[in-house]
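Listed here are the chains, written in short residue letters.
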Amino acid sequence: MRVLLFFLSRGSFLCCAFVLFLLLLDVEIPVVLAEKKPVVPAETIAKWHRHHKLFKEKRLLVRREGEAQSVSAEEKEEKSGWEDRWEHRAKVVEKNNNDDKNNDAIAGKATSPNVAAGKEESDLALKLFRKIPRKKREEILRALENFKKEKEAEEKEEGAGNRKEERNEEETRRKLELLEKERKEKERKLAVVVAREASVAEAAPSTGEKGDDDGFVPVDESALAAGTVAYGTYDTCDTCEMCSVEEPPKGVDTGKAAKAKETASGTTRDGKIHCKKCFGCNVVLSRLESNQNLHGKKVKMFAGASGAAVVRGYTKEHGNVIIKSWCDFGGYKQHPETAAKHPLTCNEETQSKNTQCPIKGGIHAYGECNYKFLNALDKLTVDSNLTGVVPRTWTGSVKTFLPWDGHAVQGHKIDVRSQFYEVAKGYSIEAVYGSSVAQDTVEMFKNIKHEEVIKAATFDLLFSEQDRHGQNVFVTEEGDVTLIDSEGCFGPTNSLLLPGGQKFEVYRIGYNAVCCGNTPLSCPQPAGERTAPIVAMDYRCHAKDHFVGFDWPKGVEPFLRKIQKMTEDDVHEVYEMTRKEHATHLKRTVDELLELGFEGALLKAYQRQNRGDGLTYGNNYWYPITRACCGNDICPMRVDDAVGRVNIEKSTQGELAEKLWGDKYVHGLDVKNSPSATLLALSSLNVPKPETSADALVDRLKQQEQQQQKQQQQQQK
């Protein structure tokens, strides 16, 4: 049995088979005891098996690393015993396998353009790629990644270029649409002009033949909608696209609108008739443009912020006019997209007859009060000989249709009273010089007429205008000056033409420094670094020696003498003023002008107003006055570099002006004077008073005659 166990322990199959054969034959087998071998523990045997397995993997790894001629530092073994050593090696092998998988994925992605060559070529490429040293592989992969990024960047840039081209195409399309819109608008305006200026001509509208006057354009009657007729009159048409102040030409049947109303087939559901052209209006209206053209550039046309309706008009009697209404104008909106609806009725219609008009003119929702205020001011302007800088104005009837311009109330019939004005020539000075003096506007800047600025400043001081900003002062290329929107007269003195008021100070040092409380900024704010060119409209820049004194524009002094002799009641009644306070205000100003001169009256007006605090917006404030800023050689005026030095003063500052305002311009908030202190300085000056009035001349002649008589008597003695 021992022999059997021995052979079994040796693991020999043949031996085991031989022993079994002998046992079956009952043969005695001599037992030879074999020397007992040392027993190896099973755990050690298992460890050896693991060792041999890892060793094979190590040899494979070393072979691959040898081919790559690179050994990573993290793959070096620490000689810390068999178990630690080979467990560490197993981790390294696992990491390398993961790296190879990642590299294969990247390599496969990088070689994706060659997929068309077939799978075998791809596998071969992967095998070759694995044989490349590891560092080289990393460099190749980095290069491929960089190439990929560059490619994506190029594609992105190309996409941006395509988007830019698309934007350019869109911008071009918008410009073309705008040009087309402008073309249609010009055609519409041309049609209005043709309709208003065309003389009556013989024509046959039904055949489209023109008469002797080519101005009349017949209406195509072949495709008119129901309820629409070609021609009508103001009385027979309910709405109209184009109304004329002329008589209808021969052959034009204006009775079609009346006939259409009589027949059900020619009417709309509401029974109203729409006319393409109508006759019998007393004025043709058109919407005020938003821009004007100046040297090929668009200059903004301000329509005002009062909410009043302001439109262009044409009448046979006065030609081109401006029409303004604060109420009862058919629901017309000056700013259709933002403004509140224009009042359909005026306040005078709902108030008691004994209710006084507002103290100020041009108040929203008032009609006759505003008209009376402006007509009184027009009479005063005529008598003071200042109509050269202020357009004439009058109240008249508007019997017409609203402009056919695409807005909600287009073509509506109106029959109202409104205020008419002569058209102011030129451009708003804020639109032209609100930012800087440019190369294409510098000559216009130099051409501003000194005598007209003095007239305009005299108007604002004499009648105490409180809202004279740059939007309602117009200048032409020839230098003419015009004042518009003078509804703020007989109030505080606040004009950009007169230094020391808030309007002037805003242009001098900036809105934020003057009215900071009306902005979201923290207060106080410093003065702006630059000055708007509008400050050169300061009357001092246009007066001899920067001083007016008693040297009034021609025709002003006789008016002053006339008002001085009248009572307040007389002034109120003769000029038909809305309030007696206006007459009181005017007489006080006239007395100060005759007693103290231009500068003295200005300072007296400021004495009655409050000191500006740099926070509050309003008209009733004064600010210290420094030397006049007439060019960029005196103050930091905004002038384009290409223009260079520019100064529009009539003459340099004289002695009288220097003693009042100083010899140097002081920018910012450091001006140190007040109306009272400057009045005291003025009283010490010997300001000459010209004797131009008849009374003064008579007095002077009497004095001369008396002196001559005294001399003769002395000689006789």
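Just so you know, the residues in each chain are numbered from 1, in the order the chain's sequence is written. Predicted model: local features are reported for residues with pLDDT of at least 70 only, side-chain atom pairs are reported and counted for 80 or more only, and whole-chain, interface and lining totals are derived from all residues. Side-chain descriptors were evaluated using all non-hydrogen atoms of the structure, hydrogens and water having been removed beforehand.

K.L.:
In this structure, what is going on with the overall build of the protein chain? I would like to understand it.
P.N.:
Where helices and strands are cited, they refer to DSSP runs of H or I of at least four residues and of E of at least two residues respectively, numbered from the N terminus. Looking only at helices and strands, one finds 20 helices and 15 strands in the protein chain. Here the protein chain, with 717 residues, has 42% of them falling under the buried criterion. Two residues form a contact once any of their heavy atoms are found within 4.5 Å. Partitioning the intrachain contacts of the protein chain with sequence separation of at least 6 by distance along the chain shows that 68% fall at a separation of at least 24. Per element, the accessible surface of the protein chain, about 40,900 Å² overall, is 51% carbon and sulfur. Relative accessibility decides the category of a residue: with a 1.4 Å probe and only protein chains considered, values under 20% of the type maximum give buried, values over 50% give exposed, and everything between is partly exposed. The accessible surface values rely on the Shrake-Rupley method and a 1.4 Å probe; as for residues, cover is taken only from the protein chains in view.

K.L.:
When you look at the nonpolar core in this model, what are you seeing that I'm missing?
P.N.:
Generally speaking, nonpolar side chains in soluble globular proteins are found buried as a group. In this description, a nonpolar core means a group of buried Ala, Val, Leu, Ile, Met, Phe, Trp, Tyr and Cys residues linked to one another through side-chain atoms lying within 4.5 Å. Phe463 and Leu586 are the most contacted members of the largest nonpolar core, which totals 92 residues. Non-local contacts of phenylalanine 463, meaning those with residues more than four positions away in its chain, are made with Leu377, Leu380, Ser384, Leu386, Cys489, Phe490, Phe559 and Leu586. Ala309, Leu402, Val409 and Ile414 belong to the second largest nonpolar core, which has 14 residues in total.

K.L.:
When you look at the sheet that holds strand β13 (residues 481-483) in this model, what are you seeing that I'm missing?
P.N.:
Adjacent strands of a sheet pair through backbone hydrogen bonds, lying either parallel or antiparallel. A strand pair is defined by DSSP finding two or more bridges across the two strands. On the basis of which strands lie adjacent, the open sheet formed by 3 strands has the order β11-β12-β13 and antiparallel pairing. Looking along the sheet, the strands with just one partner apiece sit at the ends: β11 (427-428) and β13. Bridge analysis of strand β12 (residues 473-475) against β13 gives 3 bridges, and the strand direction is antiparallel. Bridge pairing in β13 places phenylalanine 474 opposite threonine 482.

K.L.:
When you look at unusual backbone geometry in this model, what are you seeing that I'm missing?
P.N.:
Excluding glycine, residues mostly have negative phi values, and the peptide bonds linking residues are mostly trans. For the bond running from cysteine 523 to proline 524, omega is 0 degrees, close enough to zero to count as cis. When you line up the elements, proline 524 lands in the loop between α14 (511-514) and α15 (556-565). Residue histidine 546 is not a glycine yet carries a positive backbone phi of 65 degrees. Relative to the elements of secondary structure, histidine 546 occurs in the loop between α14 and α15. A relative accessible area of 0% places histidine 546 in the buried class. The backbone of glutamate 576 sits at a positive phi, close to 55 degrees, despite the residue not being glycine.

K.L.:
How should I be thinking about the state of the cysteines in this particular structure?
P.N.:
Note: disulfide means a covalent bond formed between the sulfur atoms of two cysteine side chains. The rule for a disulfide is simple: a pair of cysteine sulfur atoms within 2.5 Å. Taken as a whole and assessed by the stated rule, the structure comprises 8 disulfides. Note on cysteine connectivity: cysteine 237 is disulfide-linked to cysteine 275, with sulfurs 1.9 Å apart. Taking the sign of the S-S torsion, -95 degrees for the link of cysteine 237 and cysteine 275, the bridge is left-handed. Placement of cysteine 237 in the loop between β1 (228-233) and β2 (239-244) and of cysteine 275 in strand β3 (residues 274-279) is noted, with a sequence separation of 38 residues between them. Neither cysteine 237 nor cysteine 275 differs from the other in exposure class; each is buried. Note on cysteine connectivity: cysteine 541 is disulfide-linked to cysteine 630, with sulfurs 2.1 Å apart.

K.L.:
Teacher, can you tell me more about the side chain of threonine 493 here?
P.N.:
Residue placement: threonine 493 occurs in the loop between β13 and α13 (502-509). In this structure threonine 493 touches Ser464, Glu465, Leu498, Leu602, Ala605, Tyr606, Gln609 and Asn619, once residues within four positions along its chain are discounted.

K.L.:
So what exactly am I meant to see when it comes to empty space enclosed by the protein here?
P.N.:
Regions of empty space are outlined by a rolling probe, equal in size to a water molecule, passed over the atoms. Residues are said to line a cavity or pocket when one of their atoms sits within 4 Å of a point; the points come from a 1 Å grid over protein atoms alone, cavities being sets where a 1.4 Å probe fits but cannot get out and pockets being open sets with protein on both sides within 12 Å along at least five of seven lines. Grid points are joined across faces, edges and corners, and a volume is the space filled by probe spheres set on the points. Summed over all chains, the structure comprises 3 cavities of 30 Å³ or more. Its boundaries defined by the atoms lining it, the second largest cavity holds a volume of some 70 Å³. Split into classes, the residues belonging to the lining of the second largest cavity amount to 7 nonpolar, 2 polar and 4 charged. Under the convention adopted here, Pro, Cys and the residues Ala, Val, Leu, Ile, Met, Phe, Trp and Tyr are nonpolar, Asp, Glu, Lys and Arg are charged, and Gly plus all remaining residues are polar.

K.L.:
Sorry if this is basic, but what is going on with the pattern of salt bridges here?
P.N.:
Two side chains that carry opposite charge are able to pair once their charged atoms sit near each other. For salt bridges, the criterion is a side-chain nitrogen of Lys or Arg within 4 Å of an Asp or Glu carboxyl oxygen. Inspection of every chain in the model, using the stated rule, returns 27 salt bridges. In this structure, the salt-bridge partner of lysine 261 is aspartate 238, at a minimum N-O distance of 3.4 Å. Taken together, the residues span a long stretch of sequence, with lysine 261 in helix α7 (residues 256-262) and aspartate 238 in the loop between β1 and β2 at a distance of 23 residues. Since its relative accessible area comes to 37%, lysine 261 is described here as partly exposed. We note a salt bridge from aspartate 460 to arginine 468, for which the minimum N-O separation is 3.0 Å. The buried category is assigned to aspartate 460, whose relative accessible area is 0%. By sharing partners, the salt bridges in this structure join Lys324, Asp485 and Glu487 into a single network.

K.L.:
Any chance you could explain the packing of aromatic side chains here in plain terms?
P.N.:
Aromatic ring pairs: the centre-centre distance and the angle between the two ring planes describe each pair. The rule is short: rings of Phe, Tyr and Trp, with Trp giving its six-membered ring, pair when the centres are within 6.5 Å, and they are stacked under 30 degrees, edge-to-face over 60, tilted in between. Per the counting criterion, the structure on display carries 12 aromatic pairs. Measuring from ring centre to ring centre gives 4.6 Å for tyrosine 539 and phenylalanine 598, while their planes differ by 45 degrees; the resulting arrangement is tilted. Pair noted here: tyrosine 539 is in the loop between α14 and α15 and phenylalanine 598 is in helix α17 (residues 580-607), with a separation of 59 residues, a long-range link. Across the pair, exposure class does not vary: tyrosine 539 and phenylalanine 598 are buried alike. Here, a charge over a ring is recorded when the distance from Lys NZ or Arg CZ to the ring centre is within 6 Å and its angle to the ring normal is within 35 degrees. A cation sits over an aromatic face here: lysine 413 above tyrosine 234, 5.1 Å from the ring centre.

K.L.:
What should I look at first to understand α17 in this one?
P.N.:
In an α-helix there are 3.6 residues to a turn, and that puts residues three or four apart on one side. Multiplying 1.5 Å by the helix residue count minus one yields the expected span of that helix. An ideal rise of 1.5 Å per residue puts 40 Å on 28 residues; α17 reaches only 23 Å between its terminal C-alpha atoms. A residue's bend is the angle separating two fitted axes: one through the seven residues that end there, the other through the seven that start there. Of all the bends in α17, the largest measures some 125 degrees and sits at leucine 596.

K.L.:
When you look at the confidence of the model for the protein chain in this model, what are you seeing that I'm missing?
P.N.:
Reading predicted coordinates in detail is not appropriate for stretches of low pLDDT. As a per-residue measure, pLDDT reflects the predictor's confidence and takes values from 0 up to 100. Residue-level pLDDT values for the protein chain average 81, and 74% of them are 70 or greater. Contacts from residues 1-9, a stretch scored under 50 in pLDDT, to residues over four places away or in other chains number 12 contacts. Confidence drops under pLDDT 50 across residues 194-214; counting only partners more than four residues distant or on other chains, this segment forms 41 contacts.

K.L.:
Sorry if this is basic, but what is going on with the environment of glycine 612 here?
P.N.:
Here glycine 612 shows up in the loop between β14 (610-611) and β15 (621-622). For the pair glycine 612 and proline 624, spaced 12 residues apart in sequence, the C-alpha separation works out to 9.1 Å.

K.L.:
Is there a simple way to think about the packing of helix α12 (residues 450-462) against α17 in this case?
P.N.:
In a pair of packed helices, the angle between the axes and the distance between the axes together describe the arrangement. At their nearest, the axes of α12 and α17 sit 10 Å apart, and the two run at 135 degrees to each other. One way to sum up the angle between α12 and α17 is to call them oblique. Here Ala457, Thr458, Leu461 and Leu462 of α12 lie close against α17, whose contacting residues are Leu586, Thr589, Val590, Leu593, Phe598, Ala601 and Leu602. Taken together, the residues that form the contact of α12 with α17 break down as 9 nonpolar, 2 polar and no charged. Lines fitted to C-alpha atoms define the axes here, with helix axes fitted over just the stretch in contact, and angles between the N-to-C directions of these axes take values from 0 to 180 degrees. These descriptions rest on fixed angle ranges, namely under 35 degrees for roughly parallel, over 145 for roughly antiparallel, 65 to 115 for roughly perpendicular, and the rest for oblique.

K.L.:
I would appreciate a short explanation of the side chain of serine 428 in the present structure.
P.N.:
Structurally, serine 428 is set in strand β11. By the criterion applied in these results, polar contacts are pairs of N or O atoms within 3.5 Å in which, for protein atoms, one can donate a hydrogen and the other can accept it, and in which residues neighboring in sequence qualify only through two side-chain atoms. At 3.1 Å, the side chain of serine 428 and the backbone oxygen of glycine 470 are in polar contact. Among residues more than four places away in sequence, those in contact with serine 428 are Phe302, Gly470, Gln471, Val473 and Phe474.

K.L.:
Can you walk me through the environment of leucine 656 in this structure?
P.N.:
The topology assignment puts leucine 656 in helix α18 (residues 655-661). For leucine 656, a relative accessible area of 23% translates into the label partly exposed. C-alpha of leucine 656 to C-alpha of aspartate 545: the two residues are 111 residues apart in sequence and 8.0 Å apart in space.

K.L.:
Whenever I open this one, the environment of tryptophan 622 confuses me. Can you help?
P.N.:
Here tryptophan 622 is to be found in strand β15. Residues tryptophan 622 and glutamine 607, spaced 15 residues apart in sequence, show a C-alpha to C-alpha distance of 8.1 Å. Among all residues touching tryptophan 622, those that are not within four sequence positions of it are Gly500, Tyr606, Gln609, Asn610, Arg611, Gly612, Asn673, Ser674 and Pro675.

K.L.:
Can you help me understand the packing of α15 against α17 in this one?
P.N.:
It is at 9 Å that the axes of α15 and α17 come closest, and there the two elements cross at 125 degrees. Accordingly, the angle class assigned to the pair α15 and α17 is oblique. In the crossing of α15 with α17, the sense of the turn from one axis to the other is left-handed. Mapping the contact onto sequence places Leu560, Arg561, Ile563 and Gln564 in α15 and Leu586, Lys587, Val590, Asp591, Leu593 and Leu594 in α17. Of the residues contributing to the contact of α15 with α17, the split by class is 6 nonpolar, 1 polar and 3 charged. Helix crossings get a hand from a simple test, with the near helix turned counterclockwise from the far one by less than a right angle marking a left-handed crossing and a clockwise turn marking a right-handed one.

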